[in-house]
Amino acid sequence: MHPTPAKRASTWKPHIRPGSERANSPNPHSHTRPSQWHVPDAQQALLTLTGLRPNHTTNNIGHSMEQKAFTISSWNIQGLRSSAFGLKSRNPDFTKEIGNTDIVILQETWYRGDGPTGCPLGYRELVVPSTKLPGVKQGRDSGGMLIWYRADLTHSIKLIKTGTFYIWLEIQKEIILTEKNVLLCATYIPPLESPYFNEDSFSILEGEINHFQAQGHVLVCGDLNARTGQEPDTLSTQGDKHLPGGDSIPSHICPPRHNYDNITNKNGSQLLQLCRTL
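Residue indices begin from 1 for each chain and proceed along its sequence in written order. With the structure being a predicted model, the display of local features is reserved for residues of pLDDT at least 70 and the display and counting of side-chain atom pairs for 80 or more, all residues being used for whole-chain, interface and lining totals. Hydrogens and waters are ignored; side-chain quantities use all the structure's heavy atoms.

(A) Geometry of the pattern of salt bridges. Here, a salt bridge means any side-chain nitrogen of Lys or Arg that lies within 4 Å of a carboxyl oxygen of Asp or Glu. As enumerated under the stated definition, the model contains six salt bridges in all. Here E170 and K158 are joined by a salt bridge, their closest N and O atoms 3.5 Å apart. Placement of the pair is E170 in strand β10 (residues 166-171) and K158 in strand β9 (residues 157-162), with a sequence separation of 12 residues. A salt bridge links K161 to E208, with the shortest nitrogen-to-oxygen separation between them at 2.7 Å. Residue K161 is found in strand β9, and its partner E208 is found in helix α2 (residues 201-212); the two are separated by 47 residues along the sequence. The partly exposed category is assigned to K161, whose relative accessible area is 32%. Helix and strand assignments come from DSSP, with helices taken as H or I runs of at least 4 residues and strands as E runs of at least 2, each series counted from the N terminus. Burial status follows relative accessibility: with a 1.4 Å probe on protein chains alone, a residue under 20% of its type maximum counts as buried, one over 50% as exposed, and anything between as partly exposed.

(B) The arrangement of the sheet that holds β9 in detail. Being paired, for any two strands, means DSSP has found at least two bridges between them. As summarised here, the arrangement of the four strands in space is β9-β10-β11-β12, forming an open sheet in which the pairing is mixed. The sheet is open, and its two borders are formed by β9 and β12 (217-223), each paired with just one other strand. For this sheet the average axis-to-axis angle between neighbouring strands, irrespective of direction, equals 25°. Sheet topology places β10 next to strand β11 (residues 182-188); six bridges connect them, and they run antiparallel. Bridging across to β11, I167 finds its partner in A186. Between N-to-C directions, angles span 0 to 180 degrees; the directions come from axes that are lines fitted to C-alpha atoms, helices contributing only their stretch in contact.

(C) Just the packing of aromatic side chains, in detail. Each aromatic pair joins two rings of Phe, Tyr and Trp (for Trp, the six-membered one) with centres within 6.5 Å, and gets the label stacked for planes under 30 degrees apart, edge-to-face for over 60, and tilted for any other angle. Per the stated rule, a full pass over the model turns up four aromatic pairs. Put simply, the rings of W75, F94 and W148 pair up and form one aromatic cluster. Working rule: Lys NZ or Arg CZ, within 6 Å of ring centre, within 35 degrees of ring normal, means a charge sits over the ring. Here the basic side chain of R140 rests over the ring of W110, its NZ or CZ set 3.9 Å away from the ring centre.

(D) Quick look at helix α3 (residues 266-277). Helix length check: α3, at 12 residues, gives a terminal C-alpha distance of 17 Å against a target of 16 Å (1.5 Å per residue), a fit within 8%. Residues of α3 that are buried: N267, G268, L271, L272, L274 and C275. Buried residues of α3 fall within an arc of 155° about the axis and therefore sit on the same side. Two residues qualify as a contact provided that any one of their heavy atoms is within 4.5 Å of a heavy atom in the partner residue. If you follow the buried residues of α3, they end up packed against α2. A 3.5 Å cut-off defines polar contacts: any pair of N or O atoms within that distance qualifies, except that in protein one atom must be a possible hydrogen donor and the other a possible acceptor, and neighbouring residues in sequence count only when both atoms are side-chain atoms. Its side-chain oxygen at 3.4 Å from the backbone nitrogen of N267, N265 defines the N-terminal cap of α3. Here, expected helix span is obtained from the residue count minus one, scaled by 1.5 Å. The directions considered for the arc run from the helix axis to the C-beta atoms.

(E) Layout of the nonpolar core. One finds F70, I72, I103, I105, I147, I171 and L184 to be the most contacted residues of the largest nonpolar core, which totals 22 residues. Breaking this core down by element, the ones donating at least two residues are β3 (62-76), β6 (103-107), β7 (123-128), β8 (145-150), β10, β11 and β12. A total of four residues in this core trace back to one element, the largest contributor, which is β11. For this analysis, a nonpolar core means a set of buried residues of the types Ala, Val, Leu, Ile, Met, Phe, Trp, Tyr and Cys, connected via side-chain atoms within 4.5 Å. Residues W168, I189, A226 and L274 belong to the second largest nonpolar core, which totals 18 residues.

(F) The arrangement of the pairing of β12 in detail. Most of β12 is tucked away, with seven of its seven residues classed as buried. The two faces of β12 match: H217, L219, C221 and D223 on one face and V218, V220 and G222 on the other face are all buried. In this structure, β11 lies alongside β12, joined through seven bridges in parallel fashion. Of the residues in β12, the one forming a bridge with A186 is C221.

(G) Quick peek at unusual backbone geometry. For E108, which is not a glycine, the phi torsion comes out positive at approximately 50°. As for its placement among the helices and strands, E108 is situated in the loop between β6 and β7. On the accessibility criterion, E108 (9% relative accessible area) is buried. At L177, a position not held by glycine, the phi torsion is positive, near 55°. Tracing the chain through its elements places L177 in the loop between β10 and β11. Looking at L177, the relative accessible area reads 26%, which means it is partly exposed.

(H) Spotlight on the side chain of E170. Judged by its relative accessible area of 11%, E170 is buried. A polar contact is formed between the side chain of E170 and the side chain of N181, at a distance of 3.0 Å. Not counting chain neighbours up to four residues away, the residues in contact with E170 comprise S156, I157, K158, I160, N181, V182 and L183.

(I) A look at the state of the cysteines. Cysteine sulfur pairs qualify as disulfides if the two atoms are within 2.5 Å. Here the structure, examined in full by the defined rule, presents zero disulfides. Not part of a disulfide, C221 finds its nearest cysteine sulfur in C185, a span of 8.7 Å.

Pasting the structure below:
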C-alpha cells in the first residue's frame, strides 16, 4: 500500500484501500528518500489522524489537552545499516523525515536485536528481530521490524501481540477521537519468490483481523509486497447473478482505483481478496 498523506476526521472508519491514492502524485517515486541512504524501492507511507495530544502547558487543573494531528509513518528501509553510511537512523535526513511522528514503523530492518538501533530521543521501542533459515550460512537475514512510539503516549499505546511477521498495538480511542480503540497491525510479508515467503501469511492475517475487529477499529500498516494494479478492492453486487439476494447486501460506494502500477501479483490478489471479505 502506498497512500499519500491523508487526514481523517473524528468519525474515521478504517478501510483498506491498497494503492488507490498514488495516482494523485505527479511522480510515483516522489515518496522515496534522499540518496545518502536511499535504496531502490524504499518506500514510506504516512497516515494522519485527528487526535488529542498533550500540549505540555499547565493551568489550574494541570496538563491540558489540545486537538493535534496524530501521525503514523510506515517505512520499508531495506536495512537499518548501510555499509557506506552506517546506522541510517543517525542520518540527519532520516531524523528530519521522522519529525514529530507519533508512531514510526520500520520494515525490513534486517536487524537481529544485537546492537544499537538509533531509537530517537523521547521514543520507546519494540523489536521483531530478522530471521534466517536454518542451515543458511551466507547472505543477509530476512525481514525484521522496529516500532518507535512517543514516550508521552506510553499509557495510550499497548502491545497486545507479536508474531514472526507482525506486531499488534492497541491505541486508545481518547487520543485519536474514534468511537472505539484502534488495533494497529504492523506487518511485513516477503515476496512470493523469497525462500522466507509463507503461503499462509494472508490467511493468518485475515484470522488476526477477524479476531481483533470485534474489539475495535483495525488498521493494517506495512509492506505486503502486494501489487494490486487497477483491480477493485470491494465486492460489487451490481448485476451479479451468482449472489442470491445480492441487491440487499449493503456495500460501500468507492471510486475506481487509480494506480501507476498496472500489474497485479499473487500477494496483491490475496490482499484484494482480504479487503473484499472484511
